[in-house]
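A look at the structure
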Amino acid sequence: MNELPQQLVNGLLLGSMYGLVAIGYTMVYGIVQLINFAHGEIFMVGGFGALTIYLYVLPDGTSMVIALPLMILGGIIAAVLVAIGAERFAYRPLRGAPRLAPLITAIGLSLALQQAVWAWYPDARSAVTFPHIDGGPFEIGSVTIQTGDLFLIVAAPVSMAILAYFVMKTRTGRGMQATAQDPDTAKLMGINTDRIIVVAFALGAAFAAVGAVAYGLKYGEVQFRMGFILGLKAFTAAVLGGIGNIYGAMLGGLVLGVAEALSTAYISDIPGMDQFGSQSWANVWAFVLLILVLLFRPQGLLGERVADRA
């Protein structure tokens, strides 16, 4: 049990990354009742947008102190542009259609984005090396923090604080809350619901891009399929926390990350379970947790705030 603090920290860091991406799922669902299954690929585009800034815009040898903010900005711009384009040309025309239509469209868009990045970055067929922060690792008692995790330690709480302030204190944020509760009444009250929906897509994409930069720094690489599994896990986190609840998305991400870290660390210690504790089984246990939550608390940990408007 001496490694329990380390595993908890690993799980919280991993869960913070899941939570950043899960925010996009839950915001879009909360407002338009749409599960945007292309959101994982928007996360991936954010990672390659950041990498493009580093490789093709910044001069060689640029310090990461200067490069990292510009990479974050580049990743956010790339992800937001793709998300807004998807909303305008793929989802908005289907807003009144049966739910199966936008779902199939999201899956098709996901595949199209994967292939577009694959064509733009031939090296992405395997993996492309992501720039790293020099220094570390750092020891805090019995816990070791890798250099690549430092960005995530700062970015996750700052992102949540910014989002909480935006939603609770700004006019647009209050418009988002009103649209989530009743879009027809919100429109009658003078709220431009189309604009609110675009803002929800853009905000979710921005947080996904921050998560993508964190992913690249943590694992040292990006590749065109990286959004598929991580997107599914982020969706799992959104459901765990309560789909439609932005605070629940981050909570669900943390719970999922900790559960994944502890399962890979300790399940192999159970007699007869040696083969089930490897890293390759981490995805399995994540979805087992989702199934359990859906069986015993389908509204999620913090409850589902939005009513079914189908």
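What you see is a predicted model, and the numbers here were worked out from it, not measured in a lab. (Residues numbered from 1 in each chain as written. Predicted model: local features only at pLDDT ≥ 70, side-chain atom pairs only at ≥ 80, totals over all residues. Heavy atoms only, no water.)

**Focus on the overall build of the protein**
Within the protein, the secondary structure is distributed over 11 helices and four strands. Computed over C-alpha atoms, the radius of gyration of the protein comes to 19 Å, within 12% of the 19 Å expected from 2.2 N^0.38 for 310 residues, which places it in the range of a compact globule. Along the three orthogonal principal directions, the C-alpha set of the protein runs to about 60 × 50 × 35 Å. Among the 310 residues that make up the protein, the fraction classed as buried is 51%. (Helix = DSSP H or I, 4+ residues; strand = E, 2+ residues; numbered from the N terminus. Rg over C-alpha atoms; globule rule 2.2 N^0.38 Å. Buried < 20%, exposed > 50% of the residue type's maximum accessible area, 1.4 Å probe, protein only.)

**Regarding unusual backbone geometry**
One non-glycine residue, Gln33, lies in positive phi territory at about 55°. As for its placement among the helices and strands, Gln33 is situated in the loop between α1 (4–32) and α2 (39–57).

**Quick notes on the pattern of salt bridges**
With the rule as written, the count across this model stands at five salt bridges. Ionic pairing is found between Asp149 and Lys218, a salt bridge with its closest N-O pair at 3.1 Å. Linking Asp149 in helix α5 (residues 147–169) with Lys218 in helix α8 (residues 193–219), this pair joins segments that are 69 residues apart in sequence. The salt bridge partner of Lys233 is Glu260, with a shortest N-O separation of 3.1 Å. Note that Lys233 is positioned in helix α9 (residues 226–241) and Glu260 in helix α10 (residues 246–266), a separation of 27 residues in sequence. Across the pair, Glu260 and Lys233 agree in class, each one buried. Look at the salt bridges and you will find they share partners, linking Glu87, Arg92, Arg95 and Asp194 into a network. (Salt bridge = Lys/Arg side-chain N within 4 Å of Asp/Glu carboxyl O.)

**Re the UniProt feature "transmembrane region" (unreviewed entry) in the protein**
UniProt feature "transmembrane region" (unreviewed entry): in the numbering of this structure it lies at residues 12–35, 42–58, 64–86, 98–121, 150–168, 196–216, 247–268 and 280–296. In this annotation, residues 98–121 is assigned 88% helix and 0% strand; the end-to-end C-alpha distance for the span is 36 Å. Secondary structure content for residues 150–168 is 100% helix and 0% strand, while the C-alpha to C-alpha distance between its ends is 28 Å. (UniProt positions renumbered as here; feature names shortened; annotations may be inferred.)

**Points about helix α6 (residues 171–181)**
Thr172, Gly173, Gly175, Met176, Thr179 and Ala180 are the residues of α6 that are buried. Axial view of α6: buried residues confined to an arc of 155°, hence all on one face. In α6, the exposed residues that point more than 90 degrees away from the buried face are Arg171 and Gln181. Here the buried face of α6 lies against α1, α5, α7 (183–188) and α8. (Arc of directions from axis to C-beta. Contact = heavy atoms within 4.5 Å.)

**Brief notes about a positive patch on the surface**
Positive charge collects at one region of the surface, where Lys169, Arg171, Arg174 and Arg195 lie side by side. For Lys169, the position within the fold is in helix α5. (Patch = residues over 30% accessible without salt bridge, like charges linked within 9 Å, V, L, I, M, F, W, Y side chains within 5 Å. Areas by Shrake-Rupley, 256 points an atom, 1.4 Å probe, with all protein chains shown as cover. Lys, Arg positive; Asp, Glu negative; His and termini not counted. Charge placed at Lys NZ, Arg CZ, Asp CG, Glu CD.)

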